Amino acid sequence: MRRGAVLAALLLLTLTGCSTGPSLETQGEVTAPPGDSHHLTVGSAGFTESDLLAQMYALLLDHAGYSTTLLTVSNRELYEPALESGQIDVVPEYAATFADWLNAKANGADAPPVGSPDLDATMKALRRLATPRGLTVLPPGRAVDQNAFAVSRAYADKHHLRTLSDLGRSGLPVRLAAGDECVQRPYCEPGLKKVYGIDITAVDPKGVGTTQAKRAVQNGQDQMVLTTTTDATLDQFGLVILADDKHLQNADYVVPVVNRSRAGGERTTKALDRLNKVLTTADLAAMNQQVDSWRRLPEDVARTYLEDKGLLKK
């Protein structure tokens, strides 16, 4: 973190207990015009990809004439209320995941999910839930961090597998390395069986994209692992992702979310949209690798990327 972010984090943890943005009684009255504060606080959720996105947001906003501070708060239960209250002004989020989170917050944990593989429908639901809370969801970019399923390259080559449909048609028995929840989540074992006809014989509870899970597929103990589309370590384990050609996974595209009263103006949107137009899923995976495997600093990786893309001067 930089520029006083540590002190800001301590202040945030003190204040979020009593500051939660628009109340349920006044959510429908959030009609203030978009604001354009000179100083903006950019939030990060504390994992590599979120840190990289937050750094790029801050650098682009600095370039657009803002003064920025970075703040890391790893718990969405803390940073989302802080976003509503204006203690945080901008955060990188994931469309379907954030839509479902806001839906559960508004309608209860048992509310039917509103995130789906359909990006337009997901964005519509997300904006419907975010607007009454004083939040503006900016346009999504090209990058998406979805659940993904990977097999060993040798296994894929041997059985001519490129997609999950290929695996379903093969009739091969598959032991899947994933989290415990995979046996119930519709995007995991039930969806793989129903949508693709894959013969999941067992779920090996080694976690989502963990080293242990990937090694289990590498050594043949398991045949497939649940990971993400921006996993930067798959090559190290000789793994390849099978394409989700029937769109089982939700539309978790990267979206900037801003506090409307402080950062809802056109200048913020234009600054961040410059990144949306160039950043791809493969770009994110490559940057994650530079931080996680090459031990480069997120700010250095972010700056180099923006300079290489012509978004910042070298």
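Structural notes, computed from the coordinates. (Residues numbered from 1 in each chain as written. Predicted model: local features only at pLDDT ≥ 70, side-chain atom pairs only at ≥ 80, totals over all residues. Heavy atoms only, no water.)

1. Quick look at the overall build of the protein chain
Argument step 1. Each helix and strand in the protein chain was counted, giving 13 helices and 10 strands.
Argument step 2. Going through the 314 residues of the protein chain one by one, you find that 52% of them count as buried.
Argument step 3. A separation of at least 24 residues holds for 76% of the contacts in the protein chain among residues at least 6 apart in sequence. (Helix = DSSP H or I, 4+ residues; strand = E, 2+ residues; numbered from the N terminus. Buried < 20%, exposed > 50% of the residue type's maximum accessible area, 1.4 Å probe, protein only. Contact = heavy atoms within 4.5 Å.)

2. Structural notes on the packing of aromatic side chains
Argument step 1. Scanning all chains against the criterion turns up one aromatic pair.
Argument step 2. Between F98 and W101 the ring centres are 6.4 Å apart and the planes differ by 10°, which places this aromatic pair in the stacked class. Of the two residues, F98 and W101 are both situated in helix α4 (residues 95-107); the distance of three residues between them amounts to about one turn of the helix. As far as the burial class goes, F98 and W101 line up, both buried.
Argument step 3. It is R267 that lies over the ring of Y66; its NZ or CZ is 4.0 Å from the centre. (Phe/Tyr/Trp six-rings, centres within 6.5 Å; stacked < 30°, edge-to-face > 60°. Lys NZ or Arg CZ within 6 Å of the ring centre and 35° of its normal.)

3. Brief notes about the pairing of strand β5 (residues 147-152)
Remember that side chains alternate between the two faces of the sheet whenever the strand is regular.
Argument step 1. Of all six residues in β5, five are buried, a share of seventy percent or more.
Argument step 2. Sheet topology places β5 next to strand β8 (residues 224-228); four bridges connect them, and they run antiparallel. Residue pairing across strands places N147 opposite T228, the latter belonging to β8.
Argument step 3. As defined by bridge partners, β5 adjoins strand β9 (residues 239-242) across four bridges and the pair is classed as antiparallel. In the sheet register, A150 faces β9, and the bridge partner there is I241. (Pairing = 2+ DSSP bridges.)

4. Concerning the environment of T281
Argument step 1. Within the element layout of this structure, T281 appears in helix α12 (residues 281-292).
Argument step 2. Considered as a pair, T281 and Q146 are 135 residues apart in the sequence and their alpha carbons are 9.6 Å apart.
Argument step 3. Residues within four places of T281 in sequence aside, it is in contact with R142, A143, V144, T229 and T230.

5. Concerning the packing of α12 against helix α13 (residues 298-308)
Helix-helix packing is described using two parameters, namely the angle between the two axes and the distance between the axes.
Argument step 1. Their axes nearest at 9 Å, the elements α12 and α13 cross at an angle of 145°. In this structure, the crossing between α12 and α13 has a hand that is right-handed. Contacts from D283, M287, Q290 and V291 of α12 reach α13 at P298, V301 and Y305. (Axes fitted to C-alpha atoms, helices over the stretch in contact; angles between N-to-C directions. Left-handed = near helix turned anticlockwise from the far one by under 90°.)

6. Considering the sheet that holds β9
Argument step 1. Ordered by their spatial adjacency, five strands build an open sheet running β7-β6-β8-β5-β9, and the pairing between neighbours is mixed. Here the strands that pair on one side only, and so sit at the sheet edges, are β7 (199-205) and β9. Averaged over all adjacent pairs, the angle separating strand axes in this sheet is 40°, with direction ignored.
Argument step 2. Pairing analysis gives six bridges linking strand β6 (residues 173-178) to β7, with the strands arranged parallel. Bridging across to β7, A177 finds its partner in D204.
Argument step 3. Along the sheet, helix α8 (residues 189-196) makes contact with β5, β6, β7 and β8, crossing β7 at roughly 165°.
Argument step 4. Set on the sheet, helix α9 (residues 211-218) makes contact with β5, β6, β7, β8 and β9; between it and β8 the angle comes to about 140°.

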